[in-house]
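What the coordinates show
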Amino acid sequence: MPGTLYIVSTPIGNLGDITARALDTLRSCDFIAAEDTRVAMRLLSHFDIQKPLVSYYEHNRRERGEAVVRRILDGESCALTTDAGTPVISDPGGMLVAQCREAGIPVITIPGPCALISAFSLAGLESTRFTFEGFLSVNKRQRREHLDSLRGERRPMIFYEAPHKLVNTLEDFAEAFGSDRGILIARELTKTHEESYRTTVAAALSHYQENAPRGEFVLVVDGAPETPVLDAEDAMAAAVSAAEAKVAEGLSRRDAARYAAEAFGVARNAVYAALQK
Ligand code: SAM
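Position numbers for residues count from 1 along each chain, tracking the sequence in the order it is written. This being a predicted model, a pLDDT of at least 70 is required before a residue's local features are given, and a value of 80 or more before pairs of side-chain atoms are given or counted; all residues contribute to the totals for chains, interfaces and linings. Side-chain numbers here rest on the full set of heavy atoms in the structure, without hydrogens or water.

**Digging into the overall build of the chain**
For the purposes of this entry, the term helix denotes a DSSP run of H or I that reaches at least four residues, the term strand denotes a run of E that reaches at least two, and both are numbered from the N terminus. From N to C terminus, the chain includes 11 helices and 10 strands. Projected onto its principal axes, the C-alpha positions of the chain cover 70 × 40 × 30 Å. Counting only residues that meet the buried cut, the chain has 45% of its 277 residues in that class. Carbon and sulfur atoms make up 50% of the accessible area of the chain, which amounts to about 14,400 Å² in all. Here the positive residues are Lys and Arg and the negative ones are Asp and Glu; neither His nor the chain ends is included. Note on charges: their place is set at NZ of Lys, CZ of Arg, CG of Asp or CD of Glu. A distance of 4 Å separates the average location of the 31 positive side-chain charges in the chain from that of its 38 negative side-chain charges. Only protein chains enter the accessibility calculation, which uses a 1.4 Å probe. A residue is then buried if its area is under 20% of the maximum for its type, exposed if over 50%, and partly exposed in between. For accessible areas, the Shrake-Rupley method is used with a probe of radius 1.4 Å. Any residue's cover is judged against the shown protein chains and nothing else.

**Concerning the site of the ligand**
Definition of nearness: a residue and a molecule or strand are near each other if at least one heavy atom of the residue lies within 4 Å of the molecule or strand. Neighbouring the ligand are 18 residues, the closest being Thr 86, Ile 89, Ala 115, Tyr 160 and Phe 217. The backbone of Glu 161 places a nitrogen or oxygen atom 3.3 Å from an oxygen atom of the ligand. Two N or O atoms form a polar contact when they lie within 3.5 Å of each other; inside protein one atom must be a possible hydrogen donor and the other a possible acceptor, and for residues adjacent in sequence the pair counts only when both atoms belong to side chains. Between the ligand and the protein, one listed contact pairs a nitrogen atom with a backbone N or O atom of Leu 189 at 2.8 Å. For the ligand, whose unbound accessible area comes to 580 Å², protein coverage reaches 91%. Within the residue set of the shell around the ligand, elements represented by two or more residues are strand 7 (157-161) and strand 10 (217-221). Residues are sorted three ways: Asp, Glu, Lys and Arg are charged, Ala, Val, Leu, Ile, Met, Phe, Trp, Tyr, Cys and Pro are nonpolar, and all the rest, Gly among them, are polar. When its residues are assigned to classes, the shell around the ligand shows 10 nonpolar, three polar and five charged.

**A word on the environment of Pro 225**
Looking at where Pro 225 falls in the secondary structure, it is placed in the loop between strand 10 and helix 9 (232-248). Taking the C-alpha atoms as reference points, Pro 225 and Ile 49, 176 residues apart in sequence, are found 50 Å from one another.

**Some words on the sheet that holds strand 5 (residues 107-110)**
Between any two strands, at least two bridges found by DSSP are needed for them to pair. In spatial order, the strands read 3-2-4-1-5; together these five strands make up an open sheet with parallel pairing. Two strands lie at the open edges of the sheet, namely strand 3 (53-55) and strand 5, each paired on one side alone. Direction aside, the axes of adjacent strands within the sheet are offset by 25° on average. Note: strand 1 (residues 5-8) against strand 5, four bridges, orientation parallel. Bridge assignment links Ile 7 to a residue of strand 5, and that residue is Thr 109. By definition in these notes, contact holds between two residues if any of their heavy atoms fall within 4.5 Å. Here, axes are lines fitted to C-alpha atoms. For helices the fit covers the stretch in contact, and angles between N-to-C directions go from 0 to 180 degrees. In this fold helix 3 (residues 61-73) packs onto strand 1, strand 2 (31-34), strand 3 and strand 4 (78-81), with an angle of close to 150° to the strand it touches most, strand 3.

**Structural notes on the packing of aromatic side chains**
Stacked, tilted and edge-to-face pairs are distinguished by plane angle, under 30 degrees for stacked and over 60 for edge-to-face with tilted covering the rest, among Phe, Tyr and Trp rings (Trp via its six-membered ring) whose centres lie within 6.5 Å. The full count for this structure, using the stated rule, is six aromatic pairs. Seen in terms of ring centroids, Phe 159 and Phe 173 are 4.7 Å apart; in terms of plane orientation they differ by 50°. Their pairing is tilted. Note that Phe 159 is positioned in strand 7 and Phe 173 in helix 7 (residues 166-177), a separation of 14 residues in sequence. Using a relative accessible area of 1% as the deciding quantity, one classes Phe 159 as buried. Given a relative accessible area of 0%, Phe 173 falls into the buried group. Ring geometry for Phe 173 against Phe 177: centres 5.5 Å apart, planes inclined by 45°, an arrangement best described as tilted. You can see Phe 173 and its partner Phe 177 sitting in helix 7, four residues apart, about one turn around the helix.

**Some remarks on the side chain of Asn 60**
Here Asn 60 is to be found in the loop between strand 3 and helix 3. Residue Asn 60 is classed as buried on the basis of its relative accessible area of 9%. At 2.9 Å, the side chain of Asn 60 forms a polar contact with the backbone nitrogen of Tyr 57. For Asn 60, the residues in contact, after removing those within four places along its chain, are Ser 55 and Gly 65.

**Let's talk about the nonpolar core**
In these notes, a set of buried Ala, Val, Leu, Ile, Met, Phe, Trp, Tyr and Cys residues joined through side-chain atoms within 4.5 Å is what counts as a nonpolar core. Among the nonpolar cores identified, the biggest contains 20 residues, and Phe 159, Leu 170, Phe 173, Phe 177 and Ile 183 are the most heavily contacted of them. Within the residue set of this core, elements represented by two or more residues are strand 7, helix 7, strand 8 (182-187), helix 8 (201-210) and strand 10. Sorting elements by how many residues they give to this core places helix 7 first, with six residues. Other than its neighbours up to four places away in sequence, Leu 170 contacts Ile 183, Val 201, Ala 204, Leu 205 and Tyr 208. In this structure, Val 54, Tyr 56, Ile 72 and Leu 96 belong to the second largest nonpolar core, which totals 16 residues.

**With respect to the environment of Gly 16**
Residue placement: Gly 16 occurs in the loop between strand 1 and helix 1 (20-28). Exposure remark for Gly 16: the relative accessible area of 60% places this residue in the exposed category. Each C-alpha atom of the pair Gly 16 and Thr 190 lies 9.4 Å from the other, and the pair is 174 residues apart in sequence.

**A few points about the packing of helix 3 against helix 4 (residues 94-102)**
Two elements in contact, helix 3 and helix 4, have axes whose closest approach is 9 Å; the angle formed by their N-to-C orientations is 40°. In terms of their interaxial angle, helix 3 and helix 4 are classed as oblique. The handedness of the crossing between helix 3 and helix 4 comes out as right-handed. On helix 4, the residues touching Arg 61, Arg 62, Gly 65, Glu 66, Val 68, Val 69 and Ile 72 of helix 3 are Met 95, Leu 96, Gln 99 and Cys 100. Here is the rule for angles: anything less than 35 degrees is roughly parallel, anything more than 145 is roughly antiparallel, 65 through 115 is roughly perpendicular, and the remaining ranges are oblique. Here is the rule for handedness: rotate from the far helix to the near one, and if that takes an anticlockwise turn smaller than a right angle the crossing is left-handed, while a clockwise turn gives right-handed.

Spatial relationships are all this shows, so hold off on functional conclusions.
Listed below in structure tokens is the structure:
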């Protein structure tokens, strides 16, 4: 009989958020696969749990996953944890779940803290729909393509961000979504210096240009506002005038045409041609 893989969520700051099932599972499993064994050790020693640990992280996940699967097939049960929150969510684990399923191993979730869900609950939005975008790539082209694909997105969009990249990301949001777009900044959730507030992209940008960002951030960006249904001629006129406004703000004609074409559902080449006149 194979054992079981347990996907165990751990606190995102406040250790009081560990669940009773997470503690039971960490105590009763045979071993723990942890993203960073030192971080896991701190958590385990706080709760007085001693358990064999193996490291399971981004760069060893394929081979280590195979080793974990072999142990589970031999009858051991494994708890997977990451440094904070729910494994797999912008964290390693997805491949291990797939490998276990492939091998016929039962996979059980032990739900608990997750930064994106916590942040969305604070956004004050009626929408039950949202998109989770995780971290933007550090690669400029991939980042641009990712944000371009979201220009017309109506649903609120949730992003993770590291403090040293925050200003850059807010600049990119201003370019992609407009500087007056609403945003929830959720920082250091569940920790001593927790804060969350709604503002605009422009106001957040100017705040963090003045005050160096510290701590962990989740950003919940409002979806694109509903635009009235326009006939083709009006849509083109509106797109051209939106593109002209973007050019006046300093965007290149090419990017302004792309932005306006997506926003108004018209042909990019036609907007670009109109800007040349
Ligand atoms: N798996 C985790 C989860 O369930 O949320 C996310 C892991 S991801 C590597 C780490 C990112 O989550 C941070 O850079 C930050 O964007 C967000 N995050 C984690 N803890 C947070 C907290 N206490 N407050 C705000 N954001 C947090």
